[in-house]
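Close look at the chain arrangement
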Amino acid sequence: MSLTSDPPLKTSADTEVKAVEAPAADDPGRLKIVPVRHPWRWVAIAVTAVLLAQFVHGLVTNPGWEWEVFGEFFTADVVLKAVWTTLQLTFYGTALGFALGIVLAFMRLSRSRFLRTVAFGYIWAFRSIPLIVQLLFWFNLAYLYKELQFGIPFGPGFFSFDTMGLVGAMSAAVLGLALHQAAYAAEIVRGGVLAVDGGQLEAAAALGIPRLRQIRRIVLPQAMRSILPNAANEVISLFKGTSIVSVMAIGELFYQVQVIYGRNGRVVPLLMVATAWYILLTSALSVLQHYVERHYAKGTTR
């Protein structure tokens, strides 16, 4: 019998028994794995699926959509010509807009305070004025200038053009779209150029590479990775924005659809014709964007 208050000593036999009886906390095979449950996620999926099913069911069964009228005019000659006009406006507006935008971007990056101020003023003005106002202004250019003269500045002119015959509805639309697009394209290109590490230009200059070649072979290929996503969004926005030129009575897609449903009164199916064409062509532009981005992304992923 122990006369002290110390606890009794554990024998090795007691320790072995307890080691066998107690479960090993670090043994994965004896742990019960419980999957994480997401009940509200399944509720959201079910609600979304029901809403989508109802929407599709309404598209198929609701006679108000008049799908037979949609099928009749979707590939009509007048609609296809309007689609071609829309593509022309988009192409010319994009090409001229980004060509001018690149010039404005490098003007803003110039060391000349005058060039930076002029480029900033242009971008500020054309981003501030709504596109529809710009289009109507260029459409009525002949009201301000009866003719355009070319010659010595502030001096005699050598030859002139009649403004009314030179700037028609289509020319005014392309001019307005291109000048409007240039303001946004300039900021997109400038942001892409600034994303390129300046040390590469210093290294190129140290190797004696000409400035123009530095921009063409070093800066722009790398800047395209940052430029392309925003540039593609602007092209798609311009493609849809061509519907604004309907105020100038140009036979693009939306204007032509308005003319047709103004005659037969089938508003909804004709609007669906325009919607379907916009979706198809926008999807084609998105696919083209994917392949162009993949081309300029070579070497960025391992």
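Refer to the structure printed above.
Remember, predicted model here, so these are calculated numbers, not experimental data. (Residues numbered from 1 in each chain as written. Predicted model: local features only at pLDDT ≥ 70, side-chain atom pairs only at ≥ 80, totals over all residues. Heavy atoms only, no water.)

Some points on the overall build of the protein chain
Counting its secondary structure elements, the protein chain contains 13 helices and two strands. When contacts within the protein chain are restricted to residue pairs at least 6 apart in sequence, those whose partners lie at least 24 apart make up 70%. Taken as a whole, the protein chain presents about 20,500 Å² of accessible surface, with 65% of it coming from carbon and sulfur. (Helix = DSSP H or I, 4+ residues; strand = E, 2+ residues; numbered from the N terminus. Contact = heavy atoms within 4.5 Å. Areas by Shrake-Rupley, 256 points an atom, 1.4 Å probe, with all protein chains shown as cover.)

As for the packing of helix α10 (residues 198-206) against helix α11 (residues 211-241)
Axis separation between α10 and α11 bottoms out at 11 Å; the angle between their running directions is 150°. For the pair α10 and α11, the sense of crossing is right-handed. Counted together, Gln-200, Leu-201, Ala-204 and Ala-205 of α10 and Arg-211, Gln-214, Ile-218, Val-219 and Gln-222 of α11 form the full contact between these two elements. (Axes fitted to C-alpha atoms, helices over the stretch in contact; angles between N-to-C directions. Left-handed = near helix turned anticlockwise from the far one by under 90°.)

A short note on helix α9 (residues 169-194)
Along an α-helix, a turn takes 3.6 residues, which lines up residues three or four apart on a common side. Between its first and last C-alpha, α9 extends 38 Å over 26 residues, near the 38 Å set by a 1.5 Å rise per residue. The largest bend along α9 measures about 30° and falls at Ala-182. (Expected span 1.5 Å × (residues − 1). Bend = angle between axes of the 7 residues up to and from the residue.)

Considering the environment of Ser-171
Here Ser-171 shows up in helix α9. A C-alpha to C-alpha distance of 9.6 Å links Ser-171 and Leu-89, two positions 82 residues apart in sequence.

A short note on the pattern of salt bridges
If you walk through the whole model with that rule in mind, you get three salt bridges. The salt bridge partner of Glu-187 is Arg-108, with a shortest N-O separation of 3.0 Å. Here Arg-108 lies in helix α4 (residues 77-108) and Glu-187 lies in helix α9, a separation of 79 residues in the sequence. Since its relative accessible area comes to 22%, Arg-108 is described here as partly exposed. (Salt bridge = Lys/Arg side-chain N within 4 Å of Asp/Glu carboxyl O. Buried < 20%, exposed > 50% of the residue type's maximum accessible area, 1.4 Å probe, protein only.)

Some points on the side chain of Thr-85
In this fold, Thr-85 is placed in helix α4. A relative accessible area of 16% places Thr-85 in the buried class. When near neighbours in sequence (up to four residues on either side) are disregarded, Thr-85 contacts Met-170, Ile-250, Gly-251 and Glu-252.

Some thoughts on helix α5 (residues 113-128)
Between its terminal C-alpha atoms α5 stretches 22 Å, which fits the 22 Å expected from 16 residues at 1.5 Å a residue. For α5, the full list of buried residues reads Ala-119, Tyr-122, Ile-123 and Phe-126. For α5, the arc enclosing every buried residue in end-on projection is 95°, short of the 170-degree limit, so these residues lie on one face. More than 90 degrees from the buried face of α5, the exposed residues found are Arg-113, Phe-114, Thr-117 and Trp-124. On the buried face of α5, the contacting elements are α4, α6 (131-139) and α9. (Arc of directions from axis to C-beta.)

A closer look at the environment of Leu-271
Residue placement: Leu-271 occurs in helix α13 (residues 267-296). Non-local contacts of Leu-271, meaning those with residues more than four positions away in its chain, are made with Phe-254, Val-257 and Tyr-261.

A closer look at the nonpolar core
Judged by nonpolar contacts, the single largest core of 24 residues is most densely connected at Leu-104, Tyr-122, Leu-177, Val-245 and Met-248. Of all the secondary-structure elements, those providing two or more residues to this core are α4, α5, α6 and α9. Tallying contributions element by element places α9 first for this core, with eight residues. Once residues within four sequence positions are removed from consideration, Val-245 is found in contact with Leu-89, Leu-135, Ala-173, Leu-177, Ile-250 and Glu-252. Residues Val-69, Phe-70, Phe-73 and Ala-76 belong to the second largest nonpolar core, which totals 19 residues. (Core = buried A, V, L, I, M, F, W, Y, C linked by side-chain atoms within 4.5 Å.)

Here's the deal with the side chain of Ser-246
Inspection of the secondary structure puts Ser-246 in the loop between α11 and α12 (253-264). Accessibility expressed as a relative area gives 14% for Ser-246, which makes it buried. The contacts of Ser-246, once residues within four sequence positions are left out, are Glu-252, Phe-254, Tyr-255 and Gln-258.

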